[in-house]
Amino acid sequence: MAEPRYLQAECAFRPGAHTVRVTQTRTTLRVEVEAHGTNDLWRGEFDATFIEDLTRKTGNFKQFGIFCSMLESALTQSSDSVSLELLTFADLETLHSRKVGAITRPPPSTSSPLSTKRYLILVYSVEFDRIHYPLPLPYAGRPDLVALVRELQEQLGQLRARRLEETQHLQDADRACQTHNEPFPPLQLAQAKASEQKLQLRVKNLTAELASCRRGRQKSASPAPRAQEQRSASVESHRSSRGRPSPKSLSPAGSRPPRFDPTAFVRARQRRQKEAELRK
């Protein structure tokens, strides 16, 4: 079974900058769109039957593999015939009404799931016509950083393994040609180098994205330790101040005033009276 293909691109849609991630296997297509400003996420997964039925309804049928190739060309901007748009349900209704000449229906209420959906539109421009292939993407909330980092690490490991495998294959083929004094096929060399460059770029993008996610996770978790440290410092200060003796307790014993002794006071008074009587 062939390994899944991963593709990521930054797209400037009308609402703002978004990241589009595509994962393709032999029979399924997974599309994920993330808004840069809010980190809102929309995600959809489609099998080959759904994609081919979708293209058939537009009147311009495409096989699953061809459709995925068109989507990849739109993301890499390698063809002027295909492009991407990101629309809401209301935008899609307006587009459909203009095409068929119908009256535009009112937008759905904000509580409706349709109001939170997004549609990634693959636009295929041919002579005198434009075909729109809408991929519905339900709202998926905001990404779980822990799960996203784990997923990116897995993808990164797979891509690095593929890059090493293709590089080793290229080197083995080159050594075999040198051993038999045969020229290395230029087309095969160019294709292998192009494939390796794509993998290197994908690894670089994933590494940067992984580092960004880790920074975001550390930033979101950093206030708690600081607060804990402040609380610990406060408790320690309180304990220190409570256990530290007061300045009065540090004074020497000789400097304390003598305690009042009533017996000695009476005896001294009687002695003074007797001395006064003797003098008289």
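What counts and what doesn't
- Residues numbered from 1 in each chain as written.
- Predicted model: local features only at pLDDT ≥ 70, side-chain atom pairs only at ≥ 80, totals over all residues.
- Heavy atoms only, no water.
- Helix = DSSP H or I, 4+ residues; strand = E, 2+ residues; numbered from the N terminus.
- Contact = heavy atoms within 4.5 Å.
- Areas by Shrake-Rupley, 256 points an atom, 1.4 Å probe, with all protein chains shown as cover.
- Pairing = 2+ DSSP bridges.
- Axes fitted to C-alpha atoms, helices over the stretch in contact; angles between N-to-C directions.
- Core = buried A, V, L, I, M, F, W, Y, C linked by side-chain atoms within 4.5 Å.
- Buried < 20%, exposed > 50% of the residue type's maximum accessible area, 1.4 Å probe, protein only.
- pLDDT = per-residue confidence, 0-100.
- Phe/Tyr/Trp six-rings, centres within 6.5 Å; stacked < 30°, edge-to-face > 60°.
- 1 Å grid on protein atoms, 1.4 Å probe; cavity = no way out; pocket = protein on both sides within 12 Å on 5 of 7 lines; lining within 4 Å.
- Points joined across faces, edges and corners; volume = space filled by probe spheres on them.

## Things to note about the overall build of the protein
Working step 1: When you go through the protein residue by residue, the secondary structure sums to eight helices and seven strands.
Working step 2: Across the protein, the fraction of contacts at a sequence separation of at least 24, relative to all contacts at a separation of at least 6, is 54%.
Working step 3: In the structure as shown, the protein presents an accessible area of about 19600 Å², 53% of it carried by carbon and sulfur atoms.

## A closer look at the pairing of strand 7 (residues 129-137)
Working step 1: Bridge count for strand 6 (residues 118-126) against strand 7 is nine bridges, and the pairing is antiparallel. When the sheet's bridge partners are listed, Ser 125 is paired in strand 7 with Arg 130.

## Here's the deal with the sheet that holds strand 2 (residues 16-24)
Working step 1: Pairing is antiparallel across the open sheet formed by four strands, whose spatial order is 1-2-3-4. Unpaired on one side and paired on the other, strand 1 (5-13) and strand 4 (41-47) mark the two borders of the sheet. Here the strands of the sheet are splayed against their neighbours by 15 degrees on average, with no regard to which way each runs.
Working step 2: Pairing geometry for strand 3 (residues 28-35) and strand 4, over seven bridges, is antiparallel. Note that in strand 4 the partner of Val 31 across the bridge is Gly 44.
Working step 3: Its contacts with the sheet place helix 1 (residues 48-57) against strand 3 and strand 4, and it is angled at close to 95 degrees to strand 4.

## Focus on the nonpolar core
Working step 1: Core analysis: the largest hydrophobic core is formed by 31 residues, its most contacted members being Val 20, Leu 29, Val 31, Leu 84, Leu 120, Leu 122 and Leu 135.
Working step 2: Residue contributions to this core peak at seven residues, all from helix 2 (residues 64-76).
Working step 3: Every residue in contact with Val 20, bar those within four places of it in the chain, is listed here: Leu 7, Gln 8, Ala 9, Cys 11, Phe 13, Glu 32, Val 33, Leu 75 and Leu 120.
Working step 4: Of all hydrophobic cores here, the second largest spans eight residues; its members include Leu 199, Val 203, Leu 206 and Leu 210.

## Things to note about the confidence of the model for the protein
Working step 1: For the protein, per-residue confidence averages 76 on the pLDDT scale, and 68% of positions sit at 70 or higher.
Working step 2: Confidence scores differ between elements of the protein, with helix 7 (residues 223-243) showing the lowest mean pLDDT of 46 and helix 1 the highest of 96.
Working step 3: Low pLDDT, under 50, characterises residues 224-255; the predicted model gives this stretch one contact beyond four residues in sequence or across chains.

## Considerations on the sheet that holds strand 5 (residues 82-87)
Working step 1: The antiparallel open sheet is built from three strands, whose spatial order is 5-6-7. At either margin of the open sheet sits one strand with a lone partner, and together these are strand 5 and strand 7. Here the average twist between neighbouring strands, direction ignored, is 25 degrees.
Working step 2: Relative to strand 6, strand 5 is paired through six bridges, and the arrangement is antiparallel. By the bridge assignment for strand 6, Leu 87 is matched with Tyr 119.
Working step 3: Sheet strands touched by helix 2: strand 5, strand 6 and strand 7. Its angle to strand 5, the strand with the most contacts, is close to 85 degrees.

## Brief notes about the packing of aromatic side chains
Two aromatic rings, taken as a pair, are described by how far apart their centres are and by the angle between their planes.
Working step 1: A complete count under the given rule lists four aromatic pairs for this structure.
Working step 2: Ring geometry for Phe 67 versus Tyr 133: centroids 5.7 Å apart, planes at 90 degrees, classification edge-to-face. Here Phe 67 is found in helix 2, whereas its partner Tyr 133 is found in strand 7, with 66 residues between them in sequence. Of the two residues, Phe 67 and Tyr 133, neither departs from the other in class, the shared state being buried.
Working step 3: Relative to Tyr 119, the ring of Phe 89 has its centre 6.4 Å away and its plane inclined at 40 degrees; by these criteria the two rings are tilted. Taken as a pair, Phe 89 in helix 3 (residues 89-100) and Tyr 119 in strand 6 lie far apart in primary sequence, 30 residues in all. Accessibility classification places Phe 89 together with Tyr 119 in one group, the buried group.

## Quick word on empty space enclosed by the protein
Working step 1: As enumerated under the stated definition, the model contains one cavity of 30 Å³ or more in all.
Working step 2: Volume-wise, the largest cavity comes out at about 120 Å³.
Working step 3: Surrounding the largest cavity, 12 residues form its lining, Arg 21, Thr 23, Glu 32, Glu 151 and Gln 155 being those nearest its centre.
Working step 4: Looking at the lining of the largest cavity, the elements with two or more residues in it are strand 1, strand 2, strand 3 and helix 5 (145-179).

## Some points on unusual backbone geometry
Working step 1: The phi dihedral of Gln 77 falls on the positive side, at around 55 degrees, and the residue is not glycine.
Working step 2: Mapped onto the elements of the fold, Gln 77 is located in the loop between helix 2 and strand 5.
Working step 3: Positive phi values are uncommon outside glycine, yet Phe 128 reaches one of about 70 degrees.
Working step 4: With respect to the element layout, Phe 128 can be found in the loop between strand 6 and strand 7.

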